[in-house]
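# Remarks on the overall topology
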Amino acid sequence: MSTVGKRNSHESAQGHVTGKAVYTDEQRLPAGMLSVWPVMAPHAHARITKIDVSLAYEVEGLVTVLTAEDVPGENDTGVILHDEPLFPTEFVSYWGQAIVWTVAESEDIARQAAARVIVEYEPLEPIVSIQAAIAHNRFQGNAITVQRGDAASALADAPHRLEGELEMNGQDHFYLETQTSWVVPDLEGNYQVYSSTQHPTETQIILARILGISSNRVVVTCLRMGGGFGGKESQANPFAAVAAIAAYKTGRPVRVKLKRDHDMTLTGKRHGFLGQYRVGFTAEGLITALDMDLFADGGWSLDLSPPVLLRAVLHADNAYYIPHITVRGRIAKTHKVSNTAFRGFGGPQGMLVIEDVVDRIARYLRLPPELVRERNFYHGSGETNTTHYDQEIIDNRIARVWNTVQANANFAERQVAIAQFNQTHPHRKRGLAITPVKFGISFNKKQYNQAGALILIYTDGSIQLNHGGTEMGQGLHTKMLQVAAKSLGVSMSRFRMMPTSTDKVPNTSATAASSGSDLNGQAVKDACEAVKARLAEVATRLLDLDGPEEIVFEDDWAFCRTYPSRRVRFEDVVAQAYSDRISLSATGFYRTPNIFWDEKAGKGRPFYYFAYGASISEVEVDGFTGTFKLRQVDIVHDVGSSLNPLVDQGQVEGGFVQGMGWLTMEELVWDEQGRLRTVAPSTYKIPTIGEIPEHFDVQLLERAAQDGVIYGSKAVGEPPFMLAMSVREAIRAAIAAFGEAEAVPLASPATPEAILDAIEWVQQHSPSVTSASTSPQPALFE
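## Some points on the overall build of the chain
Along the chain, the regular secondary structure elements total 18 helices and 30 strands. Its C-alpha atoms give the chain principal-axis dimensions of roughly 85 × 80 × 50 Å. In the chain, buried positions account for 62% of the 782 residues. Taking all contacts inside the chain whose residues are at least 6 apart in sequence as the whole, residues at least 24 apart take part in 80%. As displayed, the chain has an accessible area near 29500 Å², and 49% of this comes from carbon and sulfur atoms.

The structure is reproduced here in structure tokens:
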């Protein structure tokens, strides 16, 4: 029986719930393990005038204090530009930046010693907002422009025009396991690194750079992660580097395990964005022209901001055909943490702006928002089914998911019921909204669209499986086991999934961009097919057949396709292969075909395919408190032919809830001095079980196999995150029911304060139908 497509439980599920699953900082401590603690700057921008570590050495158990002078290689951990000094020597670039680190026999001793380090500063004026960065012309990286047609002329000719802006907050990754690394030196100048990293190869490269040695002297192993969400793609590197420098200086193993408040203070977030737009449209709600500027808050260094911004620009259309469109993007440089990858990688920010635009149009024209959305979908063939960056949308499934979820959720009937409820409840209003998702799958950078694998079969028929992807709870290892089992025709019980390690599979890409199963699955299959071809030759001889083309491997047997009773056990084939001196190991490799991007022209095929989804959310808003209750969610999501429906359903549910958190409650609060004030669960609210509706229906789109991908499946990690836009739009619909205004300015996240402000604005501006064809959007409330 095939393992692919079955609802198999996560391969570590029992370990997760029993606590037996081992994470980086839960291994048996090696002898002499040291711990580190940061000395953090109390300014967002300042000149460092003095560093005095002498008093720290009065603390018994302190081993050393790390400064820039201790770095044997390059004092920098930047991944695109070398613009991230690990130990700052001249300037503080964000509040809480680690200036030096203490190294001690225990974490508590390191903390005590850090408190005695003296660092003196000359405070400087910080830039802590996108608007301030724009005013001071502080940008980093290159500007991006992607366009089609002539937006300026089409805007001038449009029957109706609107302009506005939307500012959205960032989001903390809030993984359960904070940033963690162990570095164990040997006696020959080599380093074994255990790191909670989504990108072991990049961690290897950065540590080799910092240590001034070649990459082959650094082995990075990721056992598993307690969550990542993009926050451990590049952000794991500096902390592993600190441990590596300490190990180099002391010759002893060193661990770093950040406390929650340190993790939230020191690590980058989802990029906050400012979107500004001018849109032209017809009386029927068809968008004829769009001019949009997207500003990303990059923080103090570049990190991964350029590809994040590019994906935002490329997803500023979401599911909508816009004949004349110009989207420009810039990266603001602020005195904040260096913002980084987060589930969706800029896509959600670009999509949120266009959804705001569509709602503005609908309310201005007094049309149902779902009607305006549907009228603007990509459709047909040719121009109307081609993106603004010139990629044709092959196998467009937007209408399928849209119509299916409406039928599943009884959308039309519930609209009538909600209208009746709102007429009889002056202080409580309900809202219902449906939103689409079209999300491109592939790394923006072509070279990352590759993967490797290594399979080792032992003479007893047991198997070790290695691949370049990392497991962070998303079920990648489970899917890879299913792929390998199907390819070899054996049971999953034969396999041992090995930790991801750079000495087994080199030069890997990050487990990111929703591409983990696509890339690594093909590499695993390639490795399995290579060794299976050798075994087929052996089975042919054992069964006295004419050729290996007749051999089928299935259910732990090898047998003749046309005479199934002629069969031999898998382990017997393996044993004979060993006796015949035939290799029982193989590497596998895969690279995504036929993708390309012309950066200068802003055109190409950057995505191998698109994933689609649609969601309907119903909320009830309390007009006195601004709180909302999510009453019902219905989702139809396209995952192709699912490798594992149970895992995929979990990804859809989890992505939706995390997206809802970003849009409604997860509020990063920075004060005027640039200090993050929300550094714990007490001040930073993430969704809990109490926010989940009793009716939460997820349907994976049926009959949806995708050509050219591993067993017809599609990526599922990031696309469901954007399904949560329906919650925001349902809240907006409920707010609109408190009045009759032609716009509902709703801040993001839509906290109770933001909802109350929006209700007040709607009530103050009802009725407000104007005859002007151009109307500026009211400023969002702070």
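## Considering the environment of Val401
With respect to the element layout, Val401 can be found in helix α11 (residues 398-409). Judged by relative accessible area, which is 1%, Val401 ranks as buried. In this structure, the C-alpha to C-alpha distance between Val401 and Tyr23, residues 378 residues apart in sequence, is 38 Å. What Val401 contacts, discounting residues up to four positions off in sequence, is Tyr612, Gly613, Ala614, Val636, Asp638 and Leu701.

## Here's the deal with helix α15 (residues 570-579)
For α15, the set of buried residues is Phe570, Glu571, Val573, Val574 and Ala577. For α15, the angular spread of buried residues about the axis comes to 155 degrees, placing them on one side. Looking one or two places after α15, you find Arg581, whose phi comes out positive at around 60 degrees.

## Quick look at the nonpolar core
Counting 153 residues, the largest nonpolar core has Ile455, Phe495 and Phe656 as its most contacted members. Setting aside residues up to four positions removed in sequence, Ile455 forms contacts with Ile463, Gln464, Leu488, Phe495, Ala527, Cys528, Val531, Leu584, Ser585 and Ala586. Ranked by size, the runner-up nonpolar core spans 35 residues in total, among them Phe87, Leu211, Val254 and Val256.

## Some points on the packing of helix α17 (residues 725-736) against helix α18 (residues 752-764)
Two elements in contact, α17 and α18, have axes whose closest approach is 9 Å; the angle formed by their N-to-C orientations is 40 degrees. One way to sum up the angle between α17 and α18 is to call them oblique. The way α17 lies across α18 gives a crossing that is right-handed. Touching Ile731, Ile735 and Ala736 of α17 are Ile755, Ala758, Ile759 and Val762, all from α18. Residue composition of the contact of α17 with α18, grouped by class: seven nonpolar, no polar and no charged.

## Brief notes about the environment of Gly475
Tracing the backbone through its elements, the reader meets Gly475 in the loop between β18 (463-467) and α13 (476-488). The exposure class assigned to Gly475 is buried, which follows from its relative accessible area of 1%. Taking the C-alpha atoms as reference, Gly475 lies 16 Å from Ser196; in sequence the two are 279 residues apart. Not counting the four nearest positions on each side in its chain, Gly475 is found in contact with His10 and Val647.

## Here's the deal with the pattern of salt bridges
The tally for this structure, following the rule as stated, stands at 41 salt bridges. Asp395 is paired through a salt bridge with Arg397; the nearest N and O atoms lie 2.5 Å apart. Its relative accessible area of 37% is what places Asp395 among the partly exposed residues. For Arg397, a relative accessible area of 3% gives the class buried. The network of salt bridges with common partners includes Glu355, Asp356, Asp359, Arg363, Arg373, Arg728, Glu729 and Arg732.

## Focus on the side chain of Gln179
Note on placement: Gln179 falls in the loop between β8 (160-168) and β9 (180-185). A polar contact is formed between the side chain of Gln179 and the backbone oxygen of Gly231, at a distance of 3.0 Å. Every residue in contact with Gln179, bar those within four places of it in the chain, is listed here: Ser196, Gly231, Lys232, Gln235, Ala236, Phe239, Val256, Lys257, Leu258, Asp263 and Thr267.

## A few points about the sheet that holds strand β6 (residues 118-123)
Within a sheet, neighbouring strands are paired by backbone hydrogen bonds and run either parallel or antiparallel to one another. Read from one edge to the other, the open sheet built from three strands follows the order β4-β2-β6, with strand pairing classed as antiparallel. The two strands at the open ends of the sheet, each matched to only one other strand, are β4 (91-92) and β6. In this structure, strand β2 (residues 46-52) lies alongside β6, joined through six bridges in antiparallel fashion. Note on β6: the bridge partner recorded for Ile48 is Tyr121.

## Some points on the sheet that holds strand β10 (residues 191-195)
One open sheet holds the eight strands; their spatial order is β3-β5-β1-β12-β9-β10-β11-β20, and the pairing between them is mixed. A strand with exactly one partner marks an edge of an open sheet, and here the two such strands are β3 (62-66) and β20 (500-501). Its contacts with the sheet place helix α5 (residues 200-211) against β10, β11 (218-222) and β20, and it is angled at close to 145 degrees to β11. Most of the contacts of helix α6 (residues 236-250) go to β3, to which it runs at about 125 degrees, and overall it touches β1 (34-40), β3, β5 (98-104), β9, β10 and β12 (254-257).

## Points about the confidence of the model for the chain
As a general rule, the predicted coordinates of low-pLDDT regions are not to be interpreted in detail. Taken as a whole, the chain shows an average pLDDT of 96; of its residues, 98% reach a score of 70 or greater. Counting contacts from residues 768-782, a segment whose pLDDT is below 50, to residues more than four positions away or on other chains yields 41 contacts.

## Section: a negative patch on the surface
Residues Glu537, Asp544, Asp546 and Glu549 make up a contiguous surface patch of negative charge. Relative to the elements of secondary structure, Glu537 occurs in helix α14 (residues 516-542).

## Here we look at the packing of aromatic side chains
Tallied over the entire structure, the rule returns 16 aromatic pairs. Pairing Tyr94 with Trp300 gives two aromatic rings, centres 5.8 Å apart and planes at 35 degrees, and the pair type is tilted. Note that Tyr94 is positioned in the loop between β4 and β5 and Trp300 in the loop between β14 (287-299) and α8 (305-314), a separation of 206 residues in sequence. Residue classification places Tyr94 among the buried positions, given a relative accessible area of 8%. Trp300 sits in the buried class, given a relative accessible area of 12%. Pairwise contacts between aromatic rings join Tyr389, Trp597, Phe607 and Phe610 into one cluster. Over the face of the ring belonging to Phe342 we find Arg270, whose NZ or CZ atom lies 4.2 Å from the ring centre.

Rules used in this analysis
- Residues numbered from 1 in each chain as written.
- Predicted model: local features only at pLDDT ≥ 70, side-chain atom pairs only at ≥ 80, totals over all residues.
- Heavy atoms only, no water.
- Helix = DSSP H or I, 4+ residues; strand = E, 2+ residues; numbered from the N terminus.
- Buried < 20%, exposed > 50% of the residue type's maximum accessible area, 1.4 Å probe, protein only.
- Contact = heavy atoms within 4.5 Å.
- Areas by Shrake-Rupley, 256 points an atom, 1.4 Å probe, with all protein chains shown as cover.
- Arc of directions from axis to C-beta.
- Core = buried A, V, L, I, M, F, W, Y, C linked by side-chain atoms within 4.5 Å.
- Axes fitted to C-alpha atoms, helices over the stretch in contact; angles between N-to-C directions.
- Parallel < 35°, antiparallel > 145°, perpendicular 65-115°, else oblique.
- Left-handed = near helix turned anticlockwise from the far one by under 90°.
- Nonpolar A, V, L, I, M, F, W, Y, C, P; charged D, E, K, R; others polar.
- Salt bridge = Lys/Arg side-chain N within 4 Å of Asp/Glu carboxyl O.
- Polar contact = N/O pair within 3.5 Å; in protein donor to acceptor, adjacent residues only side chain to side chain.
- Pairing = 2+ DSSP bridges.
- pLDDT = per-residue confidence, 0-100.
- Patch = residues over 30% accessible without salt bridge, like charges linked within 9 Å, V, L, I, M, F, W, Y side chains within 5 Å.
- Lys, Arg positive; Asp, Glu negative; His and termini not counted.
- Charge placed at Lys NZ, Arg CZ, Asp CG, Glu CD.
- Phe/Tyr/Trp six-rings, centres within 6.5 Å; stacked < 30°, edge-to-face > 60°.
- Lys NZ or Arg CZ within 6 Å of the ring centre and 35° of its normal.

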